[in-house]
Amino acid sequence: MKTYVYNFGNGAADGDGTMKDVLGGKGAGLAEMSRAGIPVPPGFTISTEVCNIYFQNGNRVPKEINDQCLAALSALEGRTGKGLGNPENPLLLSVRSGAKFSMPGMMNTILNLGLNDATVEGLAKKTGNPRFAYDSYRRFIQMFGEVALGIDMTKFDHIFDSRKHKAKVKSDTDLSAEDLQAIIADYKKLVEKETKKSFPQDAQQQLAMSRDAVFRSWWNPKAAYYRKMEKIPDDIGTAATVQTMVFGNLGNTSATGVGFTRDPATGEKTFYGEFLVNAQGEDVVAGIRTPEPLSDLEQLMPDTYKQLRQITENLERHYRDMQDFEFTIEDGKLYMLQTRNGKRTGPAAVRVAVEMVAEGLIEAKEAILRVQPQQLDQLLHPVFDTPSLKKLTHIATGIAASPGAAVGRVSFTAEDAVEMAKNGPVILVRKETTPDDIHGMDVAKGILTAVGGKSSHAAVVARGMGRPCIVGAGSLAINERAGQFTVSAKGKTITVKEGDWISIDGASANVYLGKAVTNEPDPNSSYFGQLMHWADEFRGRFDVRANADIPRDAKAARKFGAHGIGLCRTEHMFFAEDRIPHMQAMILARDEKTRKKALQKLLPMQRKDFAGLFEAMDGYPVVIRTLDPPLHEFLPKREDLMVDLARLPHLSGKQKKEVSEKYGIPAGELKKRLPDLLHRVEELHEFNPMLGHRGCRLGITYPEITEMQARAIFEAAVQVAKKKIKVIPEVMIPLVGSAKELENQKEIVIRVANEVLSEAGMKDLHYLVGTMIEIPRAAVTADEIAQQADFFSFGTNDLTQTTMGLSRDDYTKFSPEYENLKIFKADPFASIDQGGVGKLISYAIQLGRSARPGLEIGICGEHGGDPASVEFCYRVGMNYVSCSPYRVPIARLAGAQAAIAGGDKTESMRTA
C-alpha cells in the first residue's frame, strides 16, 4: 500500500529534508531535524497528495488513508505514553498546514487538540496548574471554532474582552482560572448557538475535523490570492502535520518564540527574533502581545539560550541558508517546532547570498540562484529626502519591520485600501493585520500597525512583498469605525483621518504626518555590486539593454548596468510643449514643401536628443525606432474640437483666450482655423488606428519624415563621434510586414547616412538598419525580411495583441475571469505567452537566422523585464533583452539564472 503518512521525532523519521514535495516545507524540516537528533516534539505528517485526494473525493479522506492516520496516532500514543482523549494522561496535539513553498499565515493551524471537559481536568491535575489547563482549553475552543466550525473570530474576541473588562484586568495573563472557566462556558454556548450542536468532546472526531479543515484552508480566499501573487501552483496542495503539543504557557519557566539566524530585513549576521514568556506560539506571530527581543532570553534562561543558539547555527550550516525557526520552552526544556529557509527582503537576500559565499557555505553560482530577480526591486525603492522631513510632523516611532519609504493616504481596512488605491497611493493602517488583509496589503504602498513585532503577520508578509512596514507603533490609538487614529506628539493630541497623507520609513520606523519628498536610492552597494558582477559573468554573451527615450533615462540605464539602448521611441520626443506645434504643423500640411518646412524645425531638436543618448551610452549600441504611432495622436481630440467649435459663437473674451491657448491658434483666427483643424482630424480619423496608417506605412507615404529622422540620427552620431566618443547607431523600422516595406525605408536611411557621413569624412562609422517583428506576417516571413535586416527586435506588446487578437487596453475588463479559470497561465502582457506568441517568436528566429546567420536578435517590449520572459528569450537564442531602466538589474540577474540553468546549449545561436 502506498504511504501517505510519515512519522517523525525521537531521533528518527520516515522522511527527510529533501521531501518538500511530499511533506511540505514544515514536515520536511521536522523530519530532517528529527534525524539530526534535535529535540523535536514527535508526530506525523499527512502528505500533500492527500490534500488533492481530499478535494477529488468530495471533501473526504478515503478510508485507507484515514486508517494510516489512525495507525500513526496509535504509534504516537505508544511513543509518548499518553492517550488522545485519555483524562488521566491526555495527549494533546497541534495540527498545522505546510506546503512546499512557505505561505506564512495563509492557511490554518489548530493547537491544544484533544482537550474536552474531561481531559482539561486531567491536565489541570497532572500539571498542578488549573489556570494553564483552562487557558489551553479556551484557546482550543476558539481556534477550532473558527477554523473547523467557521465561527467568526470576533465573536470569541467579544466574549474574551468582555470578561477582561468585567475582571478589571489589562493583560490576558491576569485572568484567573475562574475567569477562564467562565470564558469556556460562554464559548461553548456560542458554538452551540452558531452550529446547533454541542462542542465536540470526542478527541478523534476533533482530529479528523481539524485535519480536514487544514486541507480546506488550501482554497480559502487569502491562500488562493497569495499563491496567485507569489506564482505558486494551485495543484501542489498542503501537507497536514500532527504534532505533540509542548507548552510555552505553563508559567514563567516556559516561553515560546520565533527567530532567524540572520536579520531577514537587512541580512546582517545576527541572532534575530522575539519571544514571549508564558505564552503560546500564536501569541507571537498574531501580534496579540508585543514580544521581547530574543537577546533578552539570554538573561532569563541562559542555558536554554545557549542551546538555542547552538542548534540554530548548526541548522544554518546544515541547510546552507538562513533559517526561520520556531521554538517552545516547556518548564525549562527546549523544543524546536519548525525550521525552514527564511523569507527575506531583497536587500537581505543579496547580502546573505554574498556573505555566504565569503563564508564558504555556498559558491557564487548558487548565490546567483538564491536571489529572486523580483527581489531586486526592493533595492531600488525610493528613500526620503532628509531636508523634506524637517517640514513634516514626526508623530510616532514603531518597530522597523521592512525597509523602504512610502507616502500615501491613510486607509483603515483592506477593502477600503483596494478602492482608494485606484486613485493614488495608500498606506494601510491597522491595529494588527491578519491573513484576511492580504488584498489590502498587496495594493498598499506601505503598512503600519499599532501592535506586533518583527515576526508578526504584517512584518513577515510585508517583507515578502517588499513593502515598507512599521509594526508595534503603540502610541497609535486606532478607531477603525470612526476612520481615524489619534497620537500624542509634541505635547498635543493629533488626529489623523482616513484619506490624510502620512509618510513612513520602514528602515527607521518613523511615521510622519504629511507628504515627504522621496529620492531614488543608489543601488550600487558593495553586496549588490558583487552579486551583479557575478551575474554579468554567468550571463555570458546574453546582454541587457534599456528602453530609454531621453538622456536622463539613458543615464539611469547606464547606472543600473544597461549595455545599450534597445528601444528609443522617437515619437515621445515630439510631445514636448516646444515641439508639438511643429509636429502639428507638419501633420496639417497639405503639400510636401510645407511638410518639410515643419520637419526642418524638428530636425535640430531630434539631433540634440539623439546626441544626448549617444553620449550617455558611450560606446554601447543605441536602437532608434522611427516614427510609429498614427498621426492623429499628435492632434487634439475630435470630440473636443467639435464641442469647442459649437461653443465658439457664445464664448466670452476670456473663454476665447483659453481656447486659443489650448489649440495654439490666435483668438482672432479661431473662427477660420478651428474648422480646418477639425476637418484634418476627421481626415486622419481611423476605425482601428493600431492596424492603420502608422509605423513604416507613415515613412512610405511621407518619406520626408524618415529622411528627417535619419538625418538627425547621423548628424548626432557625427557630432558625438567628433568628441572621441564611440557611437553605434541602430535604426529600427517599425510595423514591417513584408521585406518590400523594409527595403523601401532602408534605402532612405542608407542614402541619408551616406550623405551625412561622406560630408563629415566618417564613411567608416558602423551602423545597422533593422526592424521590429511585431505582427504575425513579419514572423512567418522572417527569412525574407532578414535578407534586408541587419537585426530583429521583437516588439512583444503589439505582437501579443496581433497574435492573440487581444487589446492590451481592453483585456483588463475580463482578465480576472480568464486568470481565475486558468485560461491563461499569466497575464500575456506581463509575461510572454510561450505556448502561442512564444512559438511564433521561436519560429521567426529560426527563419531569420537561416537566411542570415549571426543575425542580431533582441526584444524591446515590456516583457524584457519579466524574469520568466527573460529565461524564454535566453532559451530561444536571443542576443539581448531590453526593458525599462529600473528593471535592468532584474533582467541581468534573470539572464544569469537562465544561463546557469541552460548551460551553453543556446550559446552557439548567439555566436553563429
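Before reading on, note that the structure itself is shown above.
Because the structure is predicted, anything quoted here is derived from the model rather than measured.

A.B. asks: When you look at the overall build of the protein in this model, what are you seeing that I'm missing?
C.D. replies: In terms of helices and strands, the protein carries 38 helices and 32 strands. The buried share of the protein, reckoned over its 912 residues, is 56%. Pairs at least 24 residues apart make up 69% of the contacts formed inside the protein by residues separated by at least 6 positions. The centroid of the 114 positive side-chain charges in the protein is displaced by 2 Å from the centroid of its 115 negative side-chain charges.

A.B. asks: When you look at the pattern of salt bridges in this model, what are you seeing that I'm missing?
C.D. replies: When the charged atoms of two side chains with opposite charge come close together, those side chains can pair. For the structure shown, the criterion picks out 53 salt bridges. In this structure, the salt-bridge partner of arginine 351 is glutamate 355, at a minimum N-O distance of 3.2 Å. Taken together, the residues span about one helical turn, with arginine 351 and glutamate 355 both in helix α13 (residues 346-358) at a distance of 4 residues. The salt bridge involving aspartate 536 is made with arginine 892; its shortest N-O contact spans 2.7 Å. Taken together, the residues span a long stretch of sequence, with aspartate 536 in helix α19 (residues 526-539) and arginine 892 in helix α37 (residues 888-902) at a distance of 356 residues. Classification of aspartate 536 as partly exposed rests on a relative accessible area of 25%. Through salt bridges with shared partners, a single ionic network connects Arg262, Lys269, Glu316, Arg351, Glu355 and Glu359.

A.B. asks: Looking at this structure, how should I read the sheet that holds strand β3 (residues 43-46)?
C.D. replies: Paired through backbone hydrogen bonds, the strands of a sheet run either parallel or antiparallel to each other. If you walk across this open sheet you meet the 6 strands as β2-β1-β3-β6-β4-β5, and the pairing is antiparallel. Of all strands in the sheet, those bounded by a partner on one side alone are β2 (12-13) and β5 (109-113). In this structure, β3 lies alongside strand β6 (residues 238-244), joined through 4 bridges in antiparallel fashion. Note on β6: the bridge partner recorded for threonine 45 is threonine 241.

A.B. asks: Help me out: how do you make sense of helix α32 (residues 796-804) in this one?
C.D. replies: Since the α-helix turns once every 3.6 residues, residues separated by three or four places project in the same direction. By the burial criterion, the buried members of α32 are Thr796, Asn797, Asp798, Leu799, Thr800 and Gln801. As for α32, its buried residues are in contact with β29 (768-773), α30 (776-780), β30 (791-794), α33 (808-811), α35 (837-851) and β31 (856-859). Just beyond α32, the residue with positive phi is glycine 805, at close to 65°.

A.B. asks: I'm lost on the pairing of strand β4 (residues 93-99) in this one. Help?
C.D. replies: Within a regular strand, side chains alternate between the sheet's two faces. The element β4 is largely enclosed, with a buried count of 7 among its 7 residues. Here β4 shows two buried faces, one formed by Leu93, Val95, Ser97 and Ala99 and the other by Ser94, Arg96 and Gly98. Sheet analysis places β4 next to β5, joined by 3 bridges and oriented antiparallel. Note on β5: the bridge partner recorded for arginine 96 is threonine 109.

A.B. asks: What's the story with the sheet that holds strand β16 (residues 426-430) in this structure? I'm lost.
C.D. replies: Pairing is mixed in the open sheet, where 8 strands are placed in the order β13-β23-β22-β15-β16-β17-β18-β14. Sheet topology places β13 (393-397) and β14 (399-402) at the edges, where each strand pairs with a single neighbour. Geometrically, the sheet is characterised by an average inter-axis angle of 30° between neighbouring strands, direction not taken into account. Of the strand pairs in this sheet, β13 and strand β23 (residues 510-513) are connected by 4 bridges, and their pairing is antiparallel. Bridge assignment links threonine 397 to a residue of β23, and that residue is asparagine 510.

A.B. asks: I would appreciate a short explanation of the side chain of arginine 96 in the present structure.
C.D. replies: Here arginine 96 shows up in strand β4. Accessibility expressed as a relative area gives 12% for arginine 96, which makes it buried. Beyond its immediate stretch of four places on either side in the chain, arginine 96 contacts Lys26, Asn108, Thr109, Leu111, Val214, Ala239, Ala240, Thr241, Gln243, Glu326 and Leu337.

A.B. asks: Would you take a moment to explain the packing of helix α25 (residues 653-663) against helix α26 (residues 670-684) for this structure?
C.D. replies: Two measures define how a pair of helices packs: the angle their axes make with one another and the distance between the axes. One way to put it is that α25 packs onto α26 with a least axis distance of 12 Å and a crossing angle of 45°. The orientation of α25 relative to α26 falls into the category oblique. As for the relative orientation of α25 and α26, their crossing is left-handed in sense. Listed contacts from α26 to Lys656, Val659, Ser660 and Tyr663 of α25 are Leu670, Leu674 and Leu677. Broken down by class, the residue content of the contact of α25 with α26 amounts to 5 nonpolar, 1 polar and 1 charged.

A.B. asks: Help me out: how do you make sense of the packing of helix α5 (residues 130-147) against helix α6 (residues 153-167) in this one?
C.D. replies: Contact geometry of α5 with α6 gives a least axis separation of 9 Å together with a crossing angle of 155°. Viewed along their axes, α5 and α6 adopt a mutual orientation that is roughly antiparallel. Residues Arg138, Ile141, Gln142, Gly145 and Glu146 of α5 touch α6, and the partners they reach there are Met153, Phe156, Asp157 and Phe160. For the contact of α5 with α6, the residue count by class is 4 nonpolar, 2 polar and 3 charged.

A.B. asks: Please explain unusual backbone geometry as it appears in this structure.
C.D. replies: Where the residue is not glycine, phi is negative for most of them; where a peptide bond is considered, it is trans in most cases. Positioned with a positive phi, aspartate 618 is a non-glycine residue whose angle comes to about 45°. Its location among the elements puts aspartate 618 in the loop between α23 (592-617) and β27 (621-625). For lysine 822, which is not glycine, the phi dihedral falls at a positive 60°. With respect to the secondary-structure elements, lysine 822 resides in the loop between α34 (815-820) and α35. Residue classification places lysine 822 among the exposed residues on the basis of a relative accessible area of 52%.

A.B. asks: What should I look at first to understand α13 in this one?
C.D. replies: For α13, with 13 residues, the first-to-last C-alpha span of 19 Å sits near the 18 Å given by 1.5 Å per residue. Buried within α13 are the following residues: Gly346, Ala348, Ala349, Val350, Val352, Ala353, Val354, Glu355 and Met356. Contact partners of the buried residues in α13: α12 (302-319), α14 (364-370) and α19. Remark: glycine 360 follows α13 within two positions and exhibits a positive phi of approximately 80°.

A.B. asks: How should the nonpolar core be read in this particular structure?
C.D. replies: Where a protein is soluble and globular, its nonpolar side chains tend to be buried together. Core analysis: the largest hydrophobic core is formed by 138 residues, its most contacted members being Phe610, Phe614, Phe794 and Met878. Counting residues in each nonpolar core, the second largest holds 84 residues, with Leu91, Ala148, Ile232 and Ala401 among its members.

A.B. asks: Just checking my understanding: could you explain the side chain of threonine 48 for this structure?
C.D. replies: The topology assignment puts threonine 48 in helix α2 (residues 48-56). Look past the residues within four positions of threonine 48 in its chain and what remains in contact with it is Asp21, Val22, Gly24, Ile236, Gly237, Thr238 and Ala239.

A.B. asks: Quick question: what am I supposed to make of the packing of aromatic side chains here?
C.D. replies: What describes a pair of aromatic rings is the distance from one ring centre to the other and the angle between the planes of the rings. Inspection of every chain in the model, using the stated rule, returns 18 aromatic pairs. With a centroid separation of 5.8 Å and 40° between ring planes, the pair formed by tyrosine 54 and phenylalanine 215 is classed as tilted. Remark: phenylalanine 215 occurs in helix α8 (residues 203-216) and tyrosine 54 occurs in helix α2; sequence separation between them is 161 residues. Exposure remark for tyrosine 54: the relative accessible area of 1% places this residue in the buried category. The exposure class of phenylalanine 215 is buried, given its relative accessible area of 0%. Taking 6.3 Å as the distance between ring centres and 40° as the angle between the ring planes, the aromatic pair formed by phenylalanine 325 and phenylalanine 327 counts as tilted. One exposure class covers both phenylalanine 325 and phenylalanine 327, and it is buried. Taken together, the aromatic side chains of Tyr137, Phe140, Phe144 and Phe199 make up a single cluster linked through ring pairs. It is arginine 227 that lies over the ring of tryptophan 218; its NZ or CZ is 4.0 Å from the centre.

A.B. asks: Which parts of the structure should I look at to understand a negative patch on the surface?
C.D. replies: Judged by side-chain charge, Glu146, Asp152, Asp157 and Asp161 come together as a negatively charged surface patch. Within the fold, glutamate 146 resides in helix α5. For glutamate 146, a relative accessible area of 34% corresponds to the partly exposed category.

Basis of the calculations
Residues numbered from 1 in each chain as written. Predicted model: local features only at pLDDT ≥ 70, side-chain atom pairs only at ≥ 80, totals over all residues. Heavy atoms only, no water. Helix = DSSP H or I, 4+ residues; strand = E, 2+ residues; numbered from the N terminus. Buried < 20%, exposed > 50% of the residue type's maximum accessible area, 1.4 Å probe, protein only. Contact = heavy atoms within 4.5 Å. Lys, Arg positive; Asp, Glu negative; His and termini not counted. Charge placed at Lys NZ, Arg CZ, Asp CG, Glu CD. Salt bridge = Lys/Arg side-chain N within 4 Å of Asp/Glu carboxyl O. Pairing = 2+ DSSP bridges. Axes fitted to C-alpha atoms, helices over the stretch in contact; angles between N-to-C directions. Parallel < 35°, antiparallel > 145°, perpendicular 65-115°, else oblique. Left-handed = near helix turned anticlockwise from the far one by under 90°. Nonpolar A, V, L, I, M, F, W, Y, C, P; charged D, E, K, R; others polar. Expected span 1.5 Å × (residues − 1). Core = buried A, V, L, I, M, F, W, Y, C linked by side-chain atoms within 4.5 Å. Phe/Tyr/Trp six-rings, centres within 6.5 Å; stacked < 30°, edge-to-face > 60°. Lys NZ or Arg CZ within 6 Å of the ring centre and 35° of its normal. Patch = residues over 30% accessible without salt bridge, like charges linked within 9 Å, V, L, I, M, F, W, Y side chains within 5 Å. Areas by Shrake-Rupley, 256 points an atom, 1.4 Å probe, with all protein chains shown as cover.

Keep in mind these numbers describe shape, not what the thing actually does.
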